[in-house]
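Notes for the structure review
These are the residues of each chain, in order.
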Amino acid sequence: MTTTNATPAAETLDPNRWAALAVLLTGAFLAPLDFFIVNVAMPSITTGLHASAADVQLVISGYAVVYAVFLITGGRLGDIFGRKSTFLAGLAGFALASALCGLAWSPLSLILARLLQALAAAAMAPQALASVHALFPARERGRALSIYGVVLGLSSVIGQLLGGALVGADIDGLGWRLIFLINLPVSIAAFLAAIPLVRQTHGRHRPRLDIGGVVLSCAALIAFVLPLVEGRERGWPWWSVALLLTTPVFVELFRRHELRLARSGGDPLVAIDVFRAPGLLRGLAAIMMLYAIATFFLVFSIYLQTALDFSAFQAGLTILPFTAGFLLGSTFSPALGRWLGTAAPSLGYVLSAIGSAATALLTARFPVGTMPPWALMVPALGFIGLGMGMSIPTMVRVIVERVEPHRAGLVGGIVNSTLQVSAAVGIAVLGGLFFTALGTRTDPAAVTSAFSMTLLAIAACHVGGAFLAAGLGQRRPVYMQAR
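This report concerns the structure included in the present document. Note that the structure is predicted; figures quoted are calculated from it, not measured.

Our focus in this paragraph is the overall build of the protein chain. Counting its regular elements, the protein chain contains 22 helices and two strands. Since a compact globule built from 483 residues should have a radius of gyration of about 23 Å, the 21 Å found for the protein chain is in line with a globular shape. Across its three principal directions, the C-alpha atoms of the protein chain cover 60 × 50 × 45 Å. With 483 residues in all, the protein chain has 60% of them scored as buried. Contacts in the protein chain between residues far apart in sequence, at least 24 positions, make up 84% of those at least 6 positions apart.

Laid out in structure tokens, this is it:
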């Protein structure tokens, strides 16, 4: 097995590198896909397993919390044990966990299988972005990063489409179980393809695993995300508020530990000085606003299936205008980045905000229980997708390019973790807004009103993201500045 480190491999013209990237992107695609695919299957899971609302919430939020918490650690494991080896181990674990999810016999068994699935996903997903800088020469990295961003965004869209199609197909009476079992052939094919195609790469040196950093970072993320995800559902018990208040304490303990370890010549999990890169913190804040869109997929599915009485399959198909807009936006995002320069990321946020607000107004304006005219809904949903298609690949690229190539894996893990925390927090806060507005009612009028209110909140988040993203567009990457 050939082992390479980041710098020499990047300069080697490998004709198979695009095939290797495609295989690695399978992991980057499957991990968020399995977060979003569950949304459209929620009613079927509730019925099939006689699950409570709290059980189904844990199926979604448990995955989100564990995946977000261990993403940075997963990236570091790739640096230590090799990105190919970590990817293969994560992919195998993901396939096993998906099988357990598909065979679940009770709500508890499904929740536990989802936690295992999230752990495996956190190991395999970061390896693609870290490998971009190890496998590609500088002149091709921008294109590879854009493709990575497109794949990341498509996972949410395809999750809705595929989830609706599989639940609606109900092959052999499997119903919702198919959304997990479909991972098996994909994972097996990717595993077999990775063996000959993917190089074994490491960082510049093999660091030791920072156990203290792992523990403290996990504690900080759990203290922040878990109360937001579970607090509202459980009536904000005292422990949820207390845990949330400890977040700054854990963050400060983590920061001090990492700085102390770096001064002593150790290998910190996160090099704190990476956050000094110009615009990095503002870019991560903008990313946090961007994934408020995760709530859209959840509440849109509930609106379609509850207020309009759509089937899961029909609900999945309704996302097609969003998909078309996303593909159009992601296709032209590199050209728009060159044309608009630093304004490019903000435009995507503005378009998605306009689309979200228009969808909210349309659903509130037309009679309850009826779909607004497609002639109006298609452009509104298309605008949301167009904005997201522009923003996601652009933001991923401009953030990663703000640091040196050997830190791309670390920043990639931070970006992925930020996206996942944003999705979890967005569903907790904005989803909480939806369910609070809904109260104990489940009639179409109440669902429609709560849906419209939530979309206006999403639009407000994207307006805030537009201000944060302003000025972060096209710039000369750090690895080009050094030449």
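Now that the structure is up, let's keep going.
Turning our attention to the environment of Leu 351. For Leu 351, the location among the structural elements is in helix H18 (residues 344–365). Not counting chain neighbours up to four residues away, the residues in contact with Leu 351 comprise Phe 383, Ile 384, Leu 386, Gly 387 and Met 390.

A separate point is the nonpolar core. Counting residues in hydrophobic clusters, the biggest one holds 147 residues, and the most contacted among them are Phe 296 and Phe 322. For this core, the element with the most residues is helix H20 (residues 408–438), which contributes 14 residues. Residues contacting Phe 296, with those up to four places away along its chain left out, are Ile 319, Phe 322, Leu 381, Ile 384, Leu 455 and Ile 458.

What follows concerns the packing of H18 against helix H21 (residues 444–469). Interhelical geometry of H18 versus H21 gives an angle of 165° and a closest axis separation of 8 Å. Relative to H21, H18 is oriented roughly antiparallel. Relative to H21, the crossing made by H18 is left-handed. Note on element contacts: H21 touches H18 through Thr 448, Phe 451, Ser 452, Leu 455, Leu 456, Ile 458, Ala 459, His 462, Val 463, Gly 465, Ala 466 and Ala 469, opposite Pro 345, Ser 346, Tyr 349, Val 350, Ser 352, Ala 353, Ser 356, Ala 357, Thr 359, Ala 360, Thr 363 and Ala 364. In terms of residue class, the contact of H18 with H21 is built from 15 nonpolar, nine polar and no charged.

Phi is positive for His 50, which is not a glycine, with a value near 50°. The residue His 50 is located in the loop between helix H3 (42–48) and helix H4 (53–81) in this model. Taking the relative accessible area as the measure of exposure, His 50 reaches 72% and is therefore exposed. Despite not being glycine, Asp 309 has its phi angle at roughly 60°, a positive value. The topology assignment puts Asp 309 in the loop between helix H15 (293–307) and helix H16 (312–317).

A word on the packing of aromatic side chains. Considering all chains together, one arrives at 13 aromatic pairs under this definition. Where Tyr 63 meets Tyr 67, the ring centres are 5.9 Å apart and the plane angle is 35°; that geometry is what we call tilted. Of this pair, Tyr 63 and Tyr 67 both sit in helix H4, four residues apart, which is roughly one turn of the helix. Judged by its relative accessible area of 3%, Tyr 67 falls in the buried class. Residues Phe 296 and Phe 297 carry aromatic rings whose centres are separated by 5.5 Å and whose planes lie at 65° to one another, so their mutual orientation is edge-to-face. Both residues of the pair, Phe 296 and Phe 297, count as buried. Connected via pairs of aromatic rings, a cluster forms that spans Phe 35, Phe 36, Tyr 291, Phe 296, Phe 297, Phe 300, Tyr 303, Phe 322 and Phe 451. Residue placement shows Arg 365 over the ring face of Phe 366; its charged tip is 5.7 Å from the ring centre.

Thresholds, definitions, all that
- Residues numbered from 1 in each chain as written.
- Predicted model: local features only at pLDDT ≥ 70, side-chain atom pairs only at ≥ 80, totals over all residues.
- Heavy atoms only, no water.
- Helix = DSSP H or I, 4+ residues; strand = E, 2+ residues; numbered from the N terminus.
- Rg over C-alpha atoms; globule rule 2.2 N^0.38 Å.
- Buried < 20%, exposed > 50% of the residue type's maximum accessible area, 1.4 Å probe, protein only.
- Contact = heavy atoms within 4.5 Å.
- Core = buried A, V, L, I, M, F, W, Y, C linked by side-chain atoms within 4.5 Å.
- Axes fitted to C-alpha atoms, helices over the stretch in contact; angles between N-to-C directions.
- Parallel < 35°, antiparallel > 145°, perpendicular 65-115°, else oblique.
- Left-handed = near helix turned anticlockwise from the far one by under 90°.
- Nonpolar A, V, L, I, M, F, W, Y, C, P; charged D, E, K, R; others polar.
- Phe/Tyr/Trp six-rings, centres within 6.5 Å; stacked < 30°, edge-to-face > 60°.
- Lys NZ or Arg CZ within 6 Å of the ring centre and 35° of its normal.

Function cannot be read off these values alone, since they describe shape.
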